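The lines below spell out each chain.
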Amino acid sequence: MFRKLFSEAYIEFMLKTESPLFIKYQNDVIDPTAEDATYIHINRNNKRIPILPGTSMKGVFRSYAERILPNSCNVLSYSCAQQINTLQNKNKDKKPLTVYDIYHKLCPTCKLFGSTLLKSRILFDDSVANENFIINVRSSTPIDRISGAAKQKGLNNFEYVEYAEFPCKIKLINFFNWQVHLLIKILDDINDGFVTFGGLTSKGFGRMKVENVSLKIKYYKRQINGYINNDFYCEKEINDMQKIKGIVGKYKLDDSEFRKDDLQNEPNL
Ligand SMILES: [Zn+2]
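First, a word on what this report is: a plain description of the structure on this page. Note on numbering: residues in each chain are counted from 1, in written sequence order. The predicted nature of this model means local features are confined to residues of pLDDT at least 70 and side-chain atom pairs, given and counted, to a pLDDT of 80 or more, with totals for whole chains, interfaces and linings taken over all residues. Where side-chain values are given, they derive from all heavy atoms of the structure, hydrogens and water being excluded.

Any two strands between which DSSP finds at least two bridges are classified as paired. A run of DSSP states H or I qualifies as a helix once it reaches four residues; a run of E qualifies as a strand once it reaches two. Both are numbered from the N-terminal end. An order of E2-E3-E5 is seen for the three strands of this open sheet, with the pairing classed as antiparallel. Where the open sheet ends on each side, the last strands, each with one partner, are strand E2 (41-44) and strand E5 (127-128). Two elements, E2 and strand E3 (residues 47-52), share four bridges in a ladder whose sense is antiparallel. Across the sheet, the residue bridging to Ile-42 is Ile-49, located in E3.

Spelled out as structure tokens, the structure:
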């Protein structure tokens, strides 16, 4: 179903911190007093530069999509893939499910972000902060759970990104229009404060702002009016968020769109 390349979409934007950003190393429970609890960075010319890993971005987008898309599964409890595997094991004598069967049984979130049964069609690049970032340190005093007093030993420092601008890039391969709509909606909801990043969000960390959104669309082996047409593909780029919303907003985030599986006849954006 997805072996042929039909279309690609690239969404680029700038993600700016609105409040401090704290990215944990792993998905552990955040303990700000742990020595290694800090944002992720790379070293370049002996300077530590914050990075926003593509995998953690994907995690943020995915868990928000699960919350807003109807009938989405929770990958951490009983995912679509587990449900489908159980069904297949029960009906062992029947023909195995085709890619189409599996696709139709997956929830909308798994259809976009992938599952153990279907490869993801979305890629998030790692984002390295622009030069103007600020890193800061805060102290936290562990509190004794029994006495409620500050523990004598153990004033700890933890580091966080006070300010940074992260240039971000998302790539979609063989997309359905509702999937682009979903991603644009998530960018909007980041601006409205519904989506936060990293750890310590209950303490007000991780609020971000999205700026300079651009959407580039490519169709292979199609010639379309209003696009730049080449031999093998045509493309167009839109840099205005209102225009982008007008174009993708027509494809509703509902079942009639989620059921579509024919990329060849998906309308041009
Ligand atoms: Zn699912």
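Here we take up the coordination of the zinc ion. Note that water is not among the atoms used; donors are N, O and S atoms within 2.8 Å of the metal (3.2 Å for Na, K and Ca), so sites may look incomplete. Protein coordination at the zinc ion: the donors are Cys-73 (SG), Cys-80 (SG), Cys-107 (SG) and Cys-110 (SG), at 2.2 to 2.3 Å from the metal. Classification of the site at the zinc ion rests on its four donor atoms, whose angles at the metal span 102 to 119°, yielding the label tetrahedral. Each donor residue of the zinc ion lies on one chain, and together they are spaced C-x6-C-x26-C-x2-C. Of this pair, Cys-73 sits in the loop between helix H1 (54-68) and helix H2 (80-90) while Cys-110 is found in helix H4 (residues 108-113), placing the two residues 37 residues apart along the sequence. Only protein chains enter the calculation, and the probe is 1.4 Å; a residue is then buried if its accessible area is under 20% of its type maximum, exposed if over 50%, and partly exposed in between. Judged by relative accessible area, Cys-73 falls into the buried class, the value being 8%. Here Cys-110 falls in the buried class, since its relative accessible area comes to 1%. All geometry calls rest on donor angles, where a four-donor set with angles between 85 and 135 degrees is tetrahedral, four- and six-donor sets with opposite donors more than 155 degrees apart and all others between 65 and 115 are square planar and octahedral, and all else is irregular.

Right, let's talk about the environment of Thr-201 for a bit. Looking at the secondary structure, you find Thr-201 in the loop between helix H5 (177-191) and strand E9 (208-220). Taking the C-alpha atoms as reference, Thr-201 lies 9.6 Å from Ser-19; in sequence the two are 182 residues apart.

Counting 70 residues, the largest nonpolar core has Phe-13, Leu-15 and Phe-61 as its most contacted members. The leading source of residues in this core is H5, at eight residues. Phe-22, Phe-158, Leu-200 and Phe-205 belong to the second-largest nonpolar core, a separate cluster that totals five residues. Grouping buried Ala, Val, Leu, Ile, Met, Phe, Trp, Tyr and Cys residues that are joined through side-chain atoms within 4.5 Å yields what is termed a nonpolar core.

Pairing geometry for E9 and strand E11 (residues 233-238), over six bridges, is antiparallel. Following the sheet pairing, Tyr-219 is matched in E11 by Cys-234. Sheet topology note: the strand E10 (residues 228-229)/E11 ladder contains two bridges and is antiparallel. When the bridges of E11 are listed, Asn-229 appears paired with Cys-234. Linking E10 back to E11 in an antiparallel pair, the connection comprises three residues.

Turning our attention to H5. What a helix should span is 1.5 Å times the count of its residues minus one. With 15 residues, H5 extends 22 Å from end C-alpha to end C-alpha; this agrees with the ideal 21 Å at 1.5 Å per step. Taking burial as the measure, the 15 residues of H5 include twelve buried ones, the bulk of the element. When H5 is considered as a whole, its buried residues turn out to be Asn-177, Trp-178, Gln-179, Val-180, His-181, Leu-182, Leu-183, Ile-184, Ile-186, Leu-187, Asp-189 and Ile-190. The first or second residue beyond H5 is Gly-193, which carries a positive phi of 85°.

Quick look at the packing of H1 against H5 now. To obtain each axis, a line is fitted to C-alpha atoms, and for helices this fit is confined to the stretch in contact; angles are then taken between N-to-C directions over 0 to 180 degrees. Running from N to C, H1 and H5 cross one another at 100°; their axes reach a closest spacing of 11 Å. In terms of their interaxial angle, H1 and H5 are classed as roughly perpendicular. Contact residues: Phe-61, Tyr-64, Ala-65 and Ile-68 in H1; Leu-182, Leu-183, Lys-185, Ile-186, Leu-187, Asp-189 and Ile-190 in H5. Throughout this entry, Asp, Glu, Lys and Arg are counted as charged residues, while Ala, Val, Leu, Ile, Met, Phe, Trp, Tyr, Cys and Pro are counted as nonpolar. The remaining residues, Gly among them, count as polar. Taken together, the residues of the contact of H1 with H5 sort by class into nine nonpolar, no polar and two charged. An angle counts as roughly parallel when it lies under 35 degrees, as roughly antiparallel when it exceeds 145, as roughly perpendicular when it falls between 65 and 115, and as oblique in every other case. Contact criterion: two residues are considered in contact whenever any of their non-hydrogen atoms come within 4.5 Å of each other.

As a further point, take the sheet that holds strand E4 (residues 122-124). On the basis of which strands lie adjacent, the open sheet formed by six strands has the order E4-E8-E1-E9-E11-E10 and antiparallel pairing. Each having just a single partner strand, E4 and E10 make up the two edges of the open sheet. Where strand E1 (residues 7-17) and strand E8 (residues 165-173) come together, nine bridges link them in antiparallel fashion. The residue of E8 that forms the bridge with Met-14 is Pro-167. Strand contacts of H5: E1, E4, E8 and E9, with the helix running at about 170° to E9, the strand carrying the most contacts.

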